[in-house]
Amino acid sequence: MNLFGSIEAGGTKFLCAVGNEKNEIITSEVIPTTTYEQTIKQVNHFFSVNRVSSIAIGSFGPIDNNKNSDKYGYILNTPKQGWSNVDLVSPIQKELDIPVFFTTDVNSSAYGEMYLNSCDNLIYYTIGTGVGGSVIQNGQFIGGVGHLEMGHQMVKKHLLDQDFNGVCPFHHDCLEGLASGPSIEARIGIKGENITSDSYVWDVQAFYIAQAIFNATLIIRPKMIILGGGVMYQDHMLGRVKAHFKLLMNNYITIENLDEYIKTPSIENNCSATIGNFLLAKKLLF
């Protein structure tokens, strides 16, 4: 039986996992994201002990996933100290001598959700420390010379948020600058998990997220939009986003079942990314 590897490469931790042909996790290990050299060494050690036939990496970014680029396999200008312009793929591929698929973390999650929902036309947004997006149409990722940067689209500011400049170091008040987790603490000085559900800030967040999926609906016309990430862990957020989305759409496009159209991930703890990576790793062989 072939076994397949998953690496969810995050700014805080690398989650390494081994799965079987049924996409079941056989074993896994969390490796803290320390220095580039130390982290790669630990990843290679895990997979040297737990051998697999192929691996898929879903990484924080920005990354270069253009196979025709000289920097294919690199993490590019990330704010993560010590991780800018480093080669993530080659040291793993050479050490383990197996094929490696390289994509964004949100692409991995989207691919897993495509499988879990039996839906080959969907959009996945993650709203957490940053904001990222992935589009799958007819079972394929959308992207030309690189991956999508849906978190940096511009949105209209909420009336209660006019004086807030946003936290994105590049664009200030883009979607990520206004709707990411750090933007909540920047506004009121309290982390999101410690804010009560009746705070105005949640309605502000929902307004921005609803704009993003409104835009995506008009441009892509997917069958489903999935909202993941830490901000969406708040039980009340999904309902708020749907309410704003309905107001924005104003019956222009009919969505038959809003509860099936806008959803949170099918399984907890971002396991959809692990399953997505198993599937992507499997594609390298079959």
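For clarity, every value in this text was computed on a predicted model and none was experimentally measured.

All chains considered together, the criterion is met by six salt bridges. Note that Asp-259 is salt-bridged to Lys-242, the shortest N-O span being 2.8 Å. Here Asp-259, found in helix 8 (residues 258-261), pairs with Lys-242, found in helix 7 (residues 237-249); they are 17 residues apart in sequence, far enough to count as distant. With relative accessibility at 11%, the residue Lys-242 sits in the buried group.

Judged by nonpolar contacts, the single largest core of 37 residues is most densely connected at Tyr-125, Ile-209, Leu-227 and Val-241. Looking at this core, the elements that each hand over two or more residues are strand 8 (122-127), strand 9 (131-137), helix 4 (175-179), helix 6 (200-220), strand 11 (224-228) and helix 7. Ranked by the residues each element gives to this core, the list is headed by helix 6, at twelve residues.

With mixed pairing, five strands are arranged side by side in an open sheet as 10-9-8-11-12. Because the sheet does not close on itself, it has two edges, and the strands there are strand 10 (140-141) and strand 12 (262-263). Relative to strand 11, strand 8 runs parallel, the two sharing five bridges. Each bridged residue has a counterpart across the sheet, and for Tyr-125 the counterpart in strand 11 is Leu-227. Its contacts with the sheet place helix 6 against strand 8, strand 9, strand 11 and strand 12, and it is angled at close to 160° to strand 8.

Take unusual backbone geometry next. Cis geometry marks the peptide bond from Gly-61 to Pro-62; its omega dihedral reads 5°. Here the phi dihedral of Asn-250 falls at roughly 50°; this positive angle occurs in a residue that is not glycine. You can see Asn-250 is positioned in the loop between helix 7 and helix 8. Residue classification places Asn-250 among the exposed positions, given a relative accessible area of 58%. Here Asn-251, not a glycine, exhibits a phi torsion of approximately 65°, which is positive. Of note, Asn-251 is situated in the loop between helix 7 and helix 8.

Rules and cut-offs
- Residues numbered from 1 in each chain as written.
- Predicted model: local features only at pLDDT ≥ 70, side-chain atom pairs only at ≥ 80, totals over all residues.
- Heavy atoms only, no water.
- Salt bridge = Lys/Arg side-chain N within 4 Å of Asp/Glu carboxyl O.
- Helix = DSSP H or I, 4+ residues; strand = E, 2+ residues; numbered from the N terminus.
- Buried < 20%, exposed > 50% of the residue type's maximum accessible area, 1.4 Å probe, protein only.
- Core = buried A, V, L, I, M, F, W, Y, C linked by side-chain atoms within 4.5 Å.
- Pairing = 2+ DSSP bridges.
- Contact = heavy atoms within 4.5 Å.
- Axes fitted to C-alpha atoms, helices over the stretch in contact; angles between N-to-C directions.

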